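Examination of the molecular architecture
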Amino acid sequence: MIDLKPSINIWHDFKSNQIAGMWLFFGSRKSLDVVHPSIMQLIIWGILGGCVNTLYAWLVAGQTGDFNPQGLISYALWPFIALIVGVFLSQRMNQPRLMLVPALLWLVLDTNILFFQCLIQHLGSSGYLNFIPDSIYNGLLPPLFVGLFIWQSLAVIWVFARVLNWPWWERALVFVATIATMVVWQLSVKDQPIWKVEQTPPSFSEQAFYAQSELLNKALEQIQFGDMTQSHWYFLGVAGDSYADVFKSEIERIKEQFDTRFDTFGRSIALINNPATRLETPIASKTSIELALHRIGQQMNHDSDVLFLYMTSHGERNHFEIEHAPLELEQVDPKWLRETLDKSGIRWRVIVISACYSGSFIPALQSPDTLIITASAADKTSFGCNSEADYTYFGRAFFDLAMREQPSMKLAFEQAKQTVTQWETAQGFEPSEPQWAIGRNMELMLPQLEPYLFPSQNITPTEQTKTQDNTHATTTKKPLF
């Protein structure tokens with residue numbers, strides 16, 4: 001028999017029930033020895049549980065959105081089921097006070113577990129857990145929280161099954177029924193959170209729609225002829241995805257770096273997919289990329305000028321993502337990009353692609369006159385696609401650090417590769433393995449072209465080779481994110 005102690009006072013019962021919840025977490029029968037059930041305690045813990053669950057939903061929603069009463073009703077389903085179970089148990093054991101115990105214990109344990117989750121959510125969003133690698137924080141915590149939610153229900157059943165000596169088949173039947181009910185609840189609660197953020201469907205204004213043609217034409221017209229007496233670099237930057245601000249920021253910063261430091265002003269163009277730049281910058285699409293390459297090909301000296309093409313976005317194997325909802329844009333694949341470059345007439349090409357699996361573009365883009373640099377191998381992911389960041393990992397390592405410190409493309413790549421690997425290892429990520437593939441003609445031509453890209457750090461090919469031997473001794477800066 002379960003001996004339920006009579007109530008003494010509200011505060012004493014509250015403390016006893018808190019202790020009972022702690023024993024319940026460990027699946028101990030002592031939880032039934034110290035629990036003090038009463039209508040008042042059920043109401044108090046019900047209010048606390050609802051408040052803590054609402055707080056957690058608010059934190060998960062990013063402290064935005066609106067309170068959703070339907071979500072709170074969905075949450076109340078579980079203590080209601082526990083109360084029904086208590087009614088059957090009280091009749092079976094002929095103990096009226098037992099009726100409140102399952103619901104009360106569930107609420108106590110749920111409140112404490114959700115309070116712990118609120119603390120973790122707050123610390124994570126405030127940046128206090130940045131020392132934890134993302135692979136652990138994002139990969140371990142969600143399954144842990146789901147496991148805790150499942151356990152708080154199974155723990156109640158476990159304790160009662162042990163005390164009441166239920167047969168194994170009865171325990172198994174109740175466990176299966178409980179897990180099935182939780183699955184149904186989890187599926188429904190995703191659509192009805194306690195704190196709901198209404199998803200605004202993406203839109204593309206009429207003003208932006210009509211402005212894009214003019215923006216693209218203006219950007220193409222400003223690309224100038226180069227001086228025939230010397231070599232020039234032309235820059236084309238493509239930010240493929242609109243829902244991650246890092247790609248926009250990266251292209252804007254790198255274009256400015258090329259225009260001011262590498263003297264491509266008047267010979268550079270940026271194509272950016274982002275809601276904030278629809279009235280300022282042409283969007284990135286297969287059409288705009290093709291037109292930009294065609295224009296650059298018309299304006300450059302094919303024998304001595306060189307194109308620097310930088311593309312940054314999400315990606316899959318043989319797939320560079322182009323997205324700007326609600327527009328339906330075609331995706332860029334290696335075959336199309338190679339054919340478009342060939343049709344443009346551009347001979348000397350430096351192509352840098354920052355995206356997951358970007359190494360898969362190398363076979364199709366290789367030619368004797370081309371240098372290809374990718375942020376990852378063909379079977380690896382790259383990192384740093386965080387909207388709060390100014391650069392991706394590779395973008396910062398290569399452009400913001402290495403190309404400011406090194407006098408050649410090869411040295412800059414080697415430093416960037418080493419830096420990215422250090423950052424990824426420190427974060428617990430599998431290294432992305434940036435790739436370098438250079439054609440035989442470009443390998444001979446690049447030392448002649450680099451002095452125009454690094455005019456303040458002009459070195460001879462002999463000095464460059466000598467410096468390259470010391471690449472691995474180069475000291476890199478610590479990551480800024």
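Below: a short report on this structure. (Residues numbered from 1 in each chain as written. Predicted model: local features only at pLDDT ≥ 70, side-chain atom pairs only at ≥ 80, totals over all residues. Heavy atoms only, no water.)

**Brief notes about the pairing of strand β3 (residues 233–239)**
Under the convention used in this document: We call a residue buried when its accessible area falls under 20% of the maximum for its residue type, exposed when it is over 50%, and partly exposed in between, using a 1.4 Å probe and counting protein chains only. The numbering of helices and of strands both runs from the N terminus, where a helix is a DSSP run of H or I of at least 4 residues and a strand a run of E of at least 2. Pairing between two strands is assigned when DSSP locates at least 2 bridges connecting them.
Burial within β3 is extensive, with 7 of its 7 residues counted as buried. By the alternation rule, side chains of β3 split into Trp233, Phe235, Gly237 and Ala239 and Tyr234, Leu236 and Val238, which are all buried. Here β3 runs beside strand β5 (residues 306–312); their pairing, made up of 7 bridges, is parallel. The residue of β5 that forms the bridge with Gly237 is Tyr310. As paired strands, β3 and strand β4 (residues 268–272) are joined by 5 bridges and run parallel to one another.

**Details of the pairing of β5**
In terms of burial, β5 is a largely internal element, 7 of the 7 residues being buried. Covered by surrounding structure in β5 are Val306, Phe308, Tyr310 and Thr312 together with Leu307, Leu309 and Met311, the residues of both alternating faces. Here β5 runs beside strand β8 (residues 348–354); their pairing, made up of 7 bridges, is parallel. When the bridges of β8 are listed, Leu309 appears paired with Ile351.

**Brief notes about helix α6 (residues 101–125)**
Cut-off, in case you're wondering: The span expected for a helix works out to 1.5 Å for each residue beyond the first.
The first and last C-alpha atoms of α6 sit 36 Å apart over 25 residues, in line with the 36 Å expected at 1.5 Å per residue. Downstream of α6 by one or two residues, Gly127 has phi in the positive range, about 90°.

**Notes on the side chain of Ser38**
What counts here: The term polar contact refers here to a pair of N or O atoms within 3.5 Å; inside protein, the definition further demands a hydrogen-donor-capable atom paired with an acceptor-capable atom, and it admits residues adjacent in sequence only when both atoms are side-chain atoms.
Looking at where Ser38 falls in the secondary structure, it is placed in the loop between α2 (30–34) and α3 (39–60). A distance of 3.1 Å separates a polar side-chain atom of Ser38 from the backbone nitrogen of Gln41.

**Focus on the pattern of salt bridges**
Heads up, the condition is: The term salt bridge refers to a pairing of a side-chain nitrogen on Lys or Arg with a carboxyl oxygen on Asp or Glu at a separation within 4 Å.
For the structure shown, the criterion picks out 13 salt bridges. Among the salt bridges present, the one from Arg338 reaches Asp342, with a minimum N-O distance of 3.1 Å. Taken together, the positions of Arg338 and Asp342, both in helix α12 (residues 334–344) and 4 residues apart, correspond to about one turn of that helix. In this structure, the salt-bridge partner of Asp400 is Arg396, at a minimum N-O distance of 3.2 Å. A residue pair is termed a helical-turn pair when its members lie 3 or 4 positions apart in one helix, as Asp400 and Arg396 do in helix α14 (residues 393–405) at 4 residues.

**Describing the packing of α3 against α6**
Packed helices, taken two at a time, are described by the angle between their axes plus the distance between the axes. Counted only if it meets this: For every element, the axis is a line fit to its C-alpha atoms; helices are fit only across the contacting stretch, and the angle between N-to-C directions ranges from 0 to 180 degrees. Small angles under 35 degrees read as roughly parallel and large ones over 145 as roughly antiparallel, with 65 to 115 read as roughly perpendicular and the rest as oblique. We call a crossing left-handed when the near helix sits turned anticlockwise from the far one by less than a right angle, and right-handed when that turn is clockwise. Asp, Glu, Lys and Arg are counted as charged, while Ala, Val, Leu, Ile, Met, Phe, Trp, Tyr, Cys and Pro are counted as nonpolar; the rest, among them Gly, fall into the polar class.
Two elements in contact, α3 and α6, have axes separated by 9 Å at closest approach and are oriented at 25°. Between α3 and α6, the crossing angle belongs to the class labelled roughly parallel. The way α3 lies across α6 gives a crossing that is left-handed. For the contact of α3 with α6, the class distribution of residues is 15 nonpolar, 9 polar and 1 charged.

**Some remarks on helix α1 (residues 10–25)**
The terminal C-alpha atoms of α1 lie 23 Å apart, and with 16 residues this matches the ideal 22 Å at 1.5 Å per residue to within 8%. Capping the start of α1 is the job of one residue whose side-chain oxygen sits 3.3 Å from the backbone nitrogen of Trp11: Asn9. Just beyond α1, the residue with positive phi is Gly27, at close to 70°.

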